Amino acid sequence: MSDAYDLTEHQVLNPATEEVIATVPAATAADVDAAVARAARAQAKWAALAPADRARLLRRFAAAVDDHLEELAQLEVREAGHTVGNARWEAGNVRDLLDYAAGGVERLTGRQIPVAGGLDITILEPLGVVGVIAPWNFPMPIAAWGTAPALAAGNAVILKPAETTPLTALRLAELALAAGLPEHLFQVLPGAGAVAGDALVEHPGVAKIVFTGSTRVGKQIMAKCAQRVKRVTLELGGKSANLVFADADVEAAAAAAPMSFLDNSGQDCCARTRILVQRPVYDRFLELLAPGIESVVVGDPADEKTQMGPLISRTQLERVRAYVPGDLPGIRGTAPEGPGFWFAPTVVTGAAPDAPVAVEEVFGPVAVVLPFDDEADAVRLANATEYGLSGSIWTRDVGRALRVSGAVAAGNLSVNSHSSVRYWTPFGGYKQSGLGRELGPDALAAFTETKNVFISTEA
Ligand code: NAD
């Protein structure tokens, strides 16, 4: 695959050390064009296979991922700075998702709808070639969220990983081939977003784009897809609220809050970075929160004891720094000095509810804590953002939990916990957090066209 490129290269850095760990070719628009032609041929053969055979091959791909789980996890540690525990979970998520999607191949059924004078059936047809454009924050799982169901539904996939994190994607493509998936059915084209990514978006032979990344780029991609009425799924940014009511188990809420926004160094679109606490327990919550933030172990992501690694890049580090002027009151953890893109866990108190740090996606280990008066005030604050991806509600009142779950405009809510993502439940955003849903029981259907056929019995 990589010998087809003749152009510029991308250097891949270890964000914990700033060392160059690999150099990867960058695909051009011509490379994308050739890949689409190869993918279209592979897709026709793939869709013609018996469903059981497609399912079996996907299960073999899952088994190959399982056999190389530690290798994939270590690659993720080195190129993305993820803690090794998280990286193992991520490789396991790819395996599980492939298995789950494989189980859908023989269950991807249409319907028979009652009509007069004949028979009406719906047929779910694959779209053809699907382009998956992935970000750097969860390179492996997010690549698989688009790829696994798209393949299971009979499509070919071209995956464009983020510039900073192409290595696990390239390894997954090798494993797919070794597991017996047809050549060119799943191709990985590393390259610049504005070049290789854009070429996928613009290509008439690509039927759908699955994009995960910033809201800014997502809007551009949606506008370009509109020119061709190209199908698009968007998973974009977030600024999720963590609502702590006075009737909650405040100890449990405070204990869970740090990793709800520090996991993956805060580079998580579901990070609960707006902690909204009801006034009667506000001071108590902060008292309990402080030791939890100060004791987070930040350091070498390859060390099993580490809870938080570095940020992905210098650019990201500068971006995060700009949100946290030194004089803001709050709580600060610790981070290593020296090489690597380190930022200490940070909680800002006393920010205005409409300050940039309180409403914009920082995508780093930074949260704000804001007080609220009552349920209506909590919901108003939770919804005072253009995003709507996730959120958490801490209360012992089940009626309140249900009322607030109904009132918060977000796609993934969690009561007395911070759960966001399971491969067998749907995931996606309200408002500017995205369009469409990934994962869950309907994941394969998002990669099909529904064709309705009426067969007359009159003739
Ligand atoms: P980004 O939007 O800059 O890049 C994402 C991907 O798009 C990369 O592969 C990039 O190369 C590509 N790209 C960039 N410009 C492009 C263009 N013009 N045409 C086609 N492709 C292009 O985002 P990022 O910096 O990689 O990721 C961070 C952002 O992603 C954050 O805002 C975060 O919230 C969001 N995100 C959202 C989710 C979600 O599920 N909602 C998940 C992960 C990340």
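Residues numbered from 1 in each chain as written. Predicted model: local features only at pLDDT ≥ 70, side-chain atom pairs only at ≥ 80, totals over all residues. Heavy atoms only, no water.

Student: I'd like a rundown of the pairing of strand 9 (residues 231–235), residues and numbers included.
Tutor: A large share of strand 9 lies buried, amounting to four of its five residues. Looking at chain direction, strand 8 (residues 208–212) and strand 9 are connected through five bridges and run parallel. In the strand pairing of strand 9, Ile-209 is matched with Val-232. For the crossover that starts at strand 8, traverses helix 8 (residues 215–228) and ends in the parallel strand 9, the hand is right-handed. As defined by bridge partners, strand 9 adjoins strand 19 (residues 434–435) across two bridges and the pair is classed as antiparallel. Bridging across to strand 19, Glu-235 finds its partner in Gly-434. (Buried < 20%, exposed > 50% of the residue type's maximum accessible area, 1.4 Å probe, protein only. Helix = DSSP H or I, 4+ residues; strand = E, 2+ residues; numbered from the N terminus. Pairing = 2+ DSSP bridges. Right-handed = clockwise from strand over helix to strand, strands pointing away.)

Student: I'd like a description of the packing of helix 4 (residues 84–105) against helix 5 (residues 139–152), backed by residues and values.
Tutor: Remark: helix 4 packs on helix 5, axes separated minimally by 9 Å, with the N-to-C direction vectors making an angle of 10°. By the angle class used here, helix 4 and helix 5 are roughly parallel. Of helix 5, the residues touching helix 4 (which contributes Ala-87, Trp-89, Glu-90, Ala-91, Asn-93, Val-94, Leu-97, Leu-98, Ala-101 and Val-105) are Met-140, Pro-141, Ala-144, Trp-145, Ala-148, Pro-149 and Ala-152. In terms of residue class, the contact of helix 4 with helix 5 is made up of 15 nonpolar, one polar and one charged. (Axes fitted to C-alpha atoms, helices over the stretch in contact; angles between N-to-C directions. Parallel < 35°, antiparallel > 145°, perpendicular 65-115°, else oblique. Contact = heavy atoms within 4.5 Å. Nonpolar A, V, L, I, M, F, W, Y, C, P; charged D, E, K, R; others polar.)

Student: Summarise the site of the ligand; cite the residues concerned and give the values.
Tutor: Taken together, 28 residues sit near the ligand, with Ala-134, Lys-160, Ser-214, Leu-236 and Glu-361 positioned nearest. Trp-136 has a polar side-chain atom sitting 2.8 Å from an oxygen atom of the ligand. Residue Gly-213 places a main-chain N or O atom 3.1 Å away from an oxygen atom belonging to the ligand. Burial of the ligand by the protein amounts to 89% of the accessible area it has alone, namely 840 Å². Its atoms largely coinciding with the cavity grid, the ligand occupies the largest pocket. Looking at the shell around the ligand, the elements with two or more residues in it are helix 7 (193–202), strand 8 and helix 8. Per-domain counts for the shell around the ligand show at least three residues from each of domain 1 (9–236 + 433–454) and domain 2 (241–421). (Near = heavy atom within 4 Å. Polar contact = N/O pair within 3.5 Å; in protein donor to acceptor, adjacent residues only side chain to side chain. Areas by Shrake-Rupley, 256 points an atom, 1.4 Å probe, with all protein chains shown as cover. 1 Å grid on protein atoms, 1.4 Å probe; cavity = no way out; pocket = protein on both sides within 12 Å on 5 of 7 lines; lining within 4 Å. Sits in = over half its atoms within 2 Å of the grid points. Domains from an automatic or database assignment.)

Student: Go over empty space enclosed by the protein with me, naming the residues and quoting the values.
Tutor: In this approach the atoms are scanned with a rolling probe the size of a water molecule, which exposes any empty space left behind. All told, the structure shown has five cavities of 30 Å³ or more when counted by the stated rule. There is about 70 Å³ of room inside the largest cavity. Considering the residues around the largest cavity, the lining is formed by 15 residues, among which Ala-241, Arg-274, Ala-382, Ser-390 and Ala-410 are closest to the centre. If you list the elements that add at least two residues to the lining of the largest cavity, you get strand 15 (387–388) and strand 16 (390–394). (Points joined across faces, edges and corners; volume = space filled by probe spheres on them.)

Student: So what about the domain arrangement of the chain? Which residues, and what values?
Tutor: Annotation of the chain at the domain level lists domain 1 (9–236 + 433–454) and domain 2 (241–421). Using C-alpha coordinates to define each centre, domain 1 is positioned 30 Å away from domain 2. Facing 26 residues of domain 1, the contacting portion of domain 2 comprises 29 residues. At the boundary of domain 1 with domain 2, total buried surface from both sides reaches about 2,200 Å², with 59% on carbon and sulfur atoms. In terms of surface lost to domain 2, no three residues of domain 1 exceed Glu-18, Trp-136 and Ser-433, which account for 24% of the buried area on that side. Across the contact surface, domain 1 and domain 2 share two salt bridges. A salt bridge links Glu-18 to Arg-314; the nearest nitrogen and oxygen atoms lie 3.2 Å apart. The interface formed by domain 1 and domain 2 contains 11 residue pairs in polar contact (both at pLDDT 80 or more). (Buried area = accessible area lost by both parts, 1.4 Å probe. Salt bridge = Lys/Arg side-chain N within 4 Å of Asp/Glu carboxyl O.)

Student: So what's going on with the sheet that holds strand 7 (residues 186–188)? Residues and values would help.
Tutor: If you trace the six strands from one edge of the open sheet to the other, you get 7-6-5-8-9-19, paired in mixed fashion. The open sheet terminates on both sides in strands that have one partner only, identified here as strand 7 and strand 19. Taken together, the four bridges between strand 5 (residues 129–133) and strand 8 define a ladder with parallel strand orientation. In the sheet register, Ile-133 faces strand 8, and the bridge partner there is Phe-211. Packed on one face of the sheet, helix 6 (residues 167–178) meets strand 6 (156–160) and strand 7 and runs near 150° to strand 7. Against the sheet, helix 7 makes contact with strand 5, strand 6 and strand 8, and its axis sits at roughly 160° relative to strand 6, the strand it touches most.

Student: How would you summarise the nonpolar core if you had to cite specific residues and measurements?
Tutor: Of all hydrophobic cores here, the largest spans 82 residues; its most connected members are Phe-61, Phe-186 and Ile-209. The element that contributes the greatest number of residues to this core is helix 5, accounting for nine residues. When we break this core down by domain, the ones giving at least three residues each are domain 1 (9–236 + 433–454) and domain 2 (241–421). When sequence neighbours within four positions are dropped, the list of residues in contact with Phe-61 reads Leu-98, Leu-172, Leu-175, Ala-176, Ala-179, Leu-181 and Phe-186. With 29 residues, the next largest nonpolar core counts Leu-243, Tyr-323, Ala-351 and Val-357 among its residues. (Core = buried A, V, L, I, M, F, W, Y, C linked by side-chain atoms within 4.5 Å.)

Student: Describe unusual backbone geometry, naming the residues involved and giving the relevant values.
Tutor: Trans is the prevailing form of peptide bonds, just as negative phi is the prevailing case for residues other than glycine. Of note in the backbone geometry, His-184 takes a positive phi value of approximately 70° without being a glycine. Position of His-184 among the secondary structure elements: in the loop between helix 6 and strand 7. Look at His-184 and you get partly exposed, because its relative accessible area is 29%. A positive phi is found at Phe-363, a non-glycine position, where the angle reads about 60°. As for its placement among the helices and strands, Phe-363 is situated in the loop between helix 12 (356–359) and strand 14 (366–372).

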